[in-house]
Amino acid sequence: MPPVIGRPPIRPDELSRRHALQLLAGGAASLAAGCSQPDSNSVARGARTELPYVHMPESLLPGVPQHYATALPLAGYGRGVVVTAFEGRPIKVEGNPRHPASLGATDVFAQAETLSLYDPDRSQAIRVEGEISDWTAFESAFRTHLSEHGTDKGGGLRLLTGRVTSPTLLDQIGNLQKALPDLRWHVYEPTDGAEGEAARAVYGTALRLRPRLGDADTLIAFDADPLGPGPDQVANARALADRRRRDRASARLYSAESALTLTGAFADRRITAHPDAIEAMIAALAAELGASIARPQLSSGAGEFLAAAAKDLKARPDRALVLVGPSLSPASQALGLWINDRLDAPVDAFAPDNLAPQAGTIASLADALRNGDVRTLITLDCNPVATVPGDLGFADLMPRAPFRVHSGLYFDETAAASTWHAPTPHPLESWSDIASPDGAVSLVQPLIRPLWPSWSVHAILASMSGEPDQSDYERLRTAWRGRWGTDGFEARWPKALIDGVVDQDKAPEPVSTPRATLPNWTAPAQALGFVVVYAPDPSVFDGRFANNAWLQECPQPFSKAVWGNAIEMAASDAGRLDIREGDEVEIVAQGRRLSGPVRLANGLAPGVLRITLGYGRTRAGRIGNGLGINAAILRSSASPWITRGAALRRVSGDGRLSPAVAGLYALPGEARKLAPELAPGAALPPPAPKPSFNTPMPTPPGDPYAWAMSIDTDACIGCNACVVACQSENNVPSVGPDQIRMGRNMHWLRIDVYDHGDGQAPRPVFQPVPCMHCETAPCEPVCPVEASVHDHEGLNVQVYNRCVGTRFCESNCPYKVRRFNFFGYADGQEYGDLGDPLVKAANNPNVSVRARGVMEKCTYCVQRISAARRLAERETRLIAEGEVVTACQGACPTQAIRFGNLADPKSAVSVLRHDPRHYTLLEELHTRPRTTYLARVRNARPEGSKA
């Protein structure tokens, strides 16, 4: 809680009762103001008064949540969300079903935004040369320095941003460039590929190409990961899952990749291959389709894989699609576009982003800094010092600009290298607009006033261009009034805020493309040493979420590692070099060195090393500092996603490997029934009745509700959105890396990964495991205080205030889904970085916060069931199908999780109980769980094949 302004600090030995009451009153006033609704007329720079309620606003009712549509940015693109707030305090993010980029679902990053909002390590003050200053001094220095550029039309003035899709922000940058013609704007997004260059090589112009995954019967991913973390993950996952549901027999996904990805795990047929071999496969496929290039030699496995894929492509060419990942050469990416054009594949072409005005690259900015052409550098909401490829040496070049301003959420590495740092508001604290990858524009509206004084990016640009002083709210309304016109504006504005999408029926139209030109392609030179490939991290992305404890503790999809990354390598390479997991190794490539621990990975091609982005931070905050290694050191600006010719040597036997909560489980023989696989149209054998020690509990006759859950493993992509959604909804604490090493994970929901293949050619199956809510629950009879009991609707209920911590229930649970509070995790007693009172503002007030010594587990979001029951009782009706949506169900991008009333024979969970793929986990124990599954389907046989 911030101190009372205007009072000198009080030492503990001077604290009297009067002083304590004064501090308490000041803290309560501050909290009330911070949790009040945003005022649309509040000034853009965060100035506000901190007063408690005297008259409560009419729109607020105690205990009644409010829901607001807005958009959250990721890599410059917006994802439509609906945020729940209690009395002006945002506590939960859900997907916006009206938004095409979310379709009612979310990813892990959106779910964790509420914790980032209340992060006490966010920047709270203006700084000059690292020392706290004041806003008046910053504004004076900023305006004085900018006035010097007015005489030379912006010469020596550079603006650096991430990707910009905000129409209002683009207009502001365009107006600034008109006022200062010599100003140069540069864009750098750490997770960008080279799609525009590939399109230019094939079509002669840079285009934004968007494949329609839902319209493809056959999809081949060459080292591409459309289901991986990124702004398109939710939409891509929904498209592929919906396509499978329409006709599983004709939907087939092939994946050839050098490292195991979510797309490879979702594939019907996957092959592990070196990037050079994958490029040869692309060329061979192009030759098969008529390209006048020499057909490369392929290994027997690659040849058989490609023959099957090519047969499917040619069977339905207009419903076939090829994706080529960014780690492959630009020539291979261009060849993939030529193949799609040849097939007449379902791909839409759009005009490129950032139409007005055009921006330079980070490499051109580095050259300008190196040549002394930059006098002023304005960096807006990005962190190039930590993320720019190491060959540019950006950290050493930045000081060459005499005046440097950084605006961002954190006092990060770039802020420390700048003259001035100005905090920006969180997206849930500010007004703006933003476009999704498919061009749909959303208005970004705040749900809470800024917790600390800040300048938005809009305010920074307005100050640079001399715009009239106004709030971001008025600036946004003025911009959209100019686009829509005055007539009807006051009706369209609230509709856009309520829907979360602006003019959805006026999305950008695809443009026609000329016939593709066959690009030049030559086989890559034989790589000496190792090849290093990079990928966005599924937990911290490019590092922007490094200080978020929920994401740091969210297990990686396959290794289940948390709180850091590592250098991943194949077991065959490790055996050849006498390297064990956890050893410290050093990579040397192109004169740059990076040291880190080794983690052995399944599905990784020999000769390939893999490192995820976003770690190795030094100024992320108390939680994110000093974790993992920074892959940006090895990256190069010319080839940011792959480094060739790397040398590797063992340094020591202690690599400080980050902890893991589990791993990839191999399933030999009979054990595969734990996570079964089926061919399309096949059915599981009916379970044979077996004797049991567990005595069935009688079901009360006539009860209208029997809650149950069904999880489709054929739709689950292992993205972990459900895991973080459960944590956010149910106040599940983070425990920190030391407790994880001791096996003390607190997640109520985990995703087990079972492998039907082997280490070199894995066939993973994801299986989310919450509490099973067994009808004959082994945990209930062993509890000496009846803290674990059954309710009349079939829920296995945990009565927290009865629990005395014997942990007998945990010992008796065969599914191991119960979690015990060894310490006061919710209070940050064990993991002190989470003990700040502000973090507790992210808690859901409808869920109890558990204390030390209490057992806890999944409750099927009983608080949501209770809310729906109260509403139904007021309206004298039963709870309708779909009225109760659990947190994990609502977050799932593929709708793999269904929840409902088993007592209703027409409910989805009742119907799925009769699906031929239906099975029960550990059915032989006869615990009769209410959570059941649908088996994974692999459509691996090529059509017409007898194999």
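What counts, and where the lines are drawn
Residues numbered from 1 in each chain as written. Predicted model: local features only at pLDDT ≥ 70, side-chain atom pairs only at ≥ 80, totals over all residues. Heavy atoms only, no water. Buried < 20%, exposed > 50% of the residue type's maximum accessible area, 1.4 Å probe, protein only. Helix = DSSP H or I, 4+ residues; strand = E, 2+ residues; numbered from the N terminus. Pairing = 2+ DSSP bridges. Polar contact = N/O pair within 3.5 Å; in protein donor to acceptor, adjacent residues only side chain to side chain. Contact = heavy atoms within 4.5 Å. Phe/Tyr/Trp six-rings, centres within 6.5 Å; stacked < 30°, edge-to-face > 60°. Salt bridge = Lys/Arg side-chain N within 4 Å of Asp/Glu carboxyl O. Axes fitted to C-alpha atoms, helices over the stretch in contact; angles between N-to-C directions. Parallel < 35°, antiparallel > 145°, perpendicular 65-115°, else oblique. Nonpolar A, V, L, I, M, F, W, Y, C, P; charged D, E, K, R; others polar. Disulfide = S-S within 2.5 Å. Core = buried A, V, L, I, M, F, W, Y, C linked by side-chain atoms within 4.5 Å. Left-handed = near helix turned anticlockwise from the far one by under 90°.

### Re the pairing of strand S23 (residues 608–612)
Here comes step 1: Of all 5 residues in S23, 5 are buried, a share of seventy percent or more.
Here comes step 2: Judged by which residues are buried, S23 turns out to be covered on both faces: Val608, Arg610 and Thr612 on one side and Leu609 and Ile611 on the other are all buried.
Here comes step 3: Pairing of strand S19 (residues 530–535) with S23, which is carried by 5 bridges, proceeds in the parallel orientation. Bridge pairing links Val531 to Val608 in S23.

### Topic: the side chain of Glu279
Here comes step 1: Checked against the element boundaries, Glu279 lands in helix H9 (residues 275–288).
Here comes step 2: Accessibility expressed as a relative area gives 1% for Glu279, which makes it buried.
Here comes step 3: At 2.7 Å, the side chain of Glu279 and the side chain of Ser332 are in polar contact.
Here comes step 4: Sequence-distant contacts of Glu279, defined by excluding residues within four places in its chain, comprise Leu328, Ser329, Ser332, Trp521, Pro524 and Arg644.

### A few points about the packing of aromatic side chains
Here comes step 1: One pass over the structure, following the stated rule, counts 21 aromatic pairs.
Here comes step 2: Ring centres of Phe138 and Trp420 lie 5.4 Å apart, and the angle between their planes is 55 degrees; on these two criteria the pair is classed as tilted. Taken as a pair, Phe138 in helix H4 (residues 135–150) and Trp420 in strand S16 (residues 420–423) lie far apart in primary sequence, 282 residues in all.
Here comes step 3: Residue class for Trp420 comes out buried when judged on its relative accessible area of 7%.
Here comes step 4: Geometrically, the ring pair formed by Trp480 and Trp484 is tilted, given 5.2 Å between the ring centres and 45 degrees between the ring planes. Of this pair, Trp480 and Trp484 both sit in helix H17 (residues 472–484), 4 residues apart, which is roughly one turn of the helix.

### Remarks on the pattern of salt bridges
A side chain with one charge may pair with a side chain of the opposite charge, provided their charged atoms come close.
Here comes step 1: Inspection of every chain in the model, using the stated rule, returns 58 salt bridges.
Here comes step 2: The salt bridge involving Glu568 is made with Arg610; its shortest N-O contact spans 3.4 Å. Of this pair, Glu568 sits in strand S20 (residues 567–569) while Arg610 sits in strand S23; the two residues are 42 residues apart in sequence, bridging distant segments of the chain.
Here comes step 3: In this structure Arg610 comes out as buried when scored by relative accessible area, which is 14%.
Here comes step 4: Note that Glu677 and Arg938 form a salt bridge whose closest N and O atoms lie 2.2 Å from each other. Of the two residues, Glu677 sits in strand S26 (residues 677–678) while Arg938 sits in the segment after strand S37 (936–937), which places them 261 residues apart along the sequence. As far as the burial class goes, Glu677 and Arg938 line up, both buried.

### Section: the sheet that holds strand S12 (residues 320–324)
Here comes step 1: One open sheet holds the 4 strands; their spatial order is S11-S10-S9-S12, and the pairing between them is parallel. Looking along the sheet, the strands with just one partner apiece sit at the ends: strand S11 (269–272) and S12. Ignoring which end each strand starts from, the neighbouring axes of this sheet average 10 degrees apart.

### A few points about the pairing of strand S1 (residues 66–74)
Here comes step 1: Taken together, the 9 bridges between S1 and strand S2 (residues 77–86) define a ladder with antiparallel strand orientation. If you follow Leu74 over to S2, its bridge partner there is Tyr77.
Here comes step 2: If you look at the hairpin formed by S1 and S2, you'll find 2 residues sitting between the two strands, and Ala75 has a positive phi there, around 55 degrees.

### Notes on the side chain of Asn96
Here comes step 1: Examined against the element boundaries, Asn96 turns out to sit in the loop between strand S3 (89–95) and helix H2 (108–111).
Here comes step 2: When its relative accessible area of 3% is taken as the criterion, Asn96 is described as buried.
Here comes step 3: Look past the residues within four positions of Asn96 in its chain and what remains in contact with it is Ala69, Gly80, Val81, Val82, Ser102, Leu103, Gly104, Asp499 and Gly500.

### So, the packing of helix H5 (residues 167–179) against H17
In a packed pair of helices, the relevant descriptors are the angle between the two axes and the axis-to-axis distance.
Here comes step 1: Put simply, H5 and H17 touch, their axes get as near as 10 Å, and they point 90 degrees apart. For the element pair H5 / H17, the angle class is roughly perpendicular. When H5 is examined against H17, the residues Pro167, Thr168, Asp171 and Gln172 are found in contact with a partner set consisting of Arg475, Leu476, Ala479, Trp480 and Arg483.
Here comes step 2: Residue classes in the contact of H5 with H17 are distributed as 4 nonpolar, 2 polar and 3 charged.

### Considerations on the state of the cysteines
Here comes step 1: Taken as a whole and judged by the stated rule, the model has 0 disulfides.
Here comes step 2: Of all cysteine sulfurs in the structure, the one in Cys809 sits closest to Cys803, which takes part in no disulfide; the separation is 6.4 Å.
Here comes step 3: No disulfide involves Cys813; its sulfur sits 6.5 Å from that of Cys779, the nearest cysteine.
Here comes step 4: The class of Cys813 is buried, set by a relative accessible area of 8%.

### Notes on the nonpolar core
Within soluble globular proteins, side chains that are nonpolar tend to cluster in buried spots.
Here comes step 1: Ranked by size, the top nonpolar core spans 156 residues in total, and within it Phe222, Leu285, Ile339 and Trp707 carry the most contacts.
Here comes step 2: Ranked by residue count, the leading element in this core is H9, at 8 residues.
Here comes step 3: When neighbours within four sequence positions are excluded, Leu285 is seen to be in contact with Ile220, Phe222, Leu306, Ala310, Leu313, Val322 and Ile339.

### Considerations on the packing of H17 against helix H18 (residues 489–499)
Here comes step 1: For the pair H17 and H18, the least separation of the axes is 11 Å and the interaxial angle reads 120 degrees. In terms of axis orientation, H17 runs oblique to H18. Relative to H18, H17 is oriented so that their crossing is right-handed. Note on element contacts: H18 touches H17 through Phe489, Glu490, Arg492, Trp493 and Ala496, opposite Tyr473, Leu476, Arg477, Trp480, Arg481 and Trp484.
Here comes step 2: For the contact of H17 with H18, the per-class residue count stands at 7 nonpolar, no polar and 4 charged.

### Considering H18
Here comes step 1: Of all the positions in H18, only Phe489, Trp493, Ala496, Leu497 and Asp499 are classed as buried.
Here comes step 2: Buried positions along H18 lie against S1, strand S18 (441–444) and H17.
Here comes step 3: Gly500 lies just past H18 and shows a positive phi near 80 degrees.

### With respect to helix H16 (residues 457–465)
Here comes step 1: The buried count for H16 comes to 8 of 9 residues, which makes it a mostly enclosed element.
Here comes step 2: For H16, every residue scored as buried is listed here: Val457, His458, Ala459, Ile460, Leu461, Ala462, Ser463 and Met464.
Here comes step 3: Backbone geometry just downstream of H16 places Gly466 in the positive-phi region, at approximately 75 degrees.

### A word on unusual backbone geometry
Here comes step 1: Positive phi, close to 60 degrees, is recorded for Phe541, a residue that is not glycine.
Here comes step 2: Its place among the elements puts Phe541 in the loop between S19 and helix H19 (549–552).
Here comes step 3: You can call Phe541 buried: its relative accessible area is 1%.
Here comes step 4: Of note, the phi angle at Lys560 is positive, near 60 degrees, even though the residue is not glycine.

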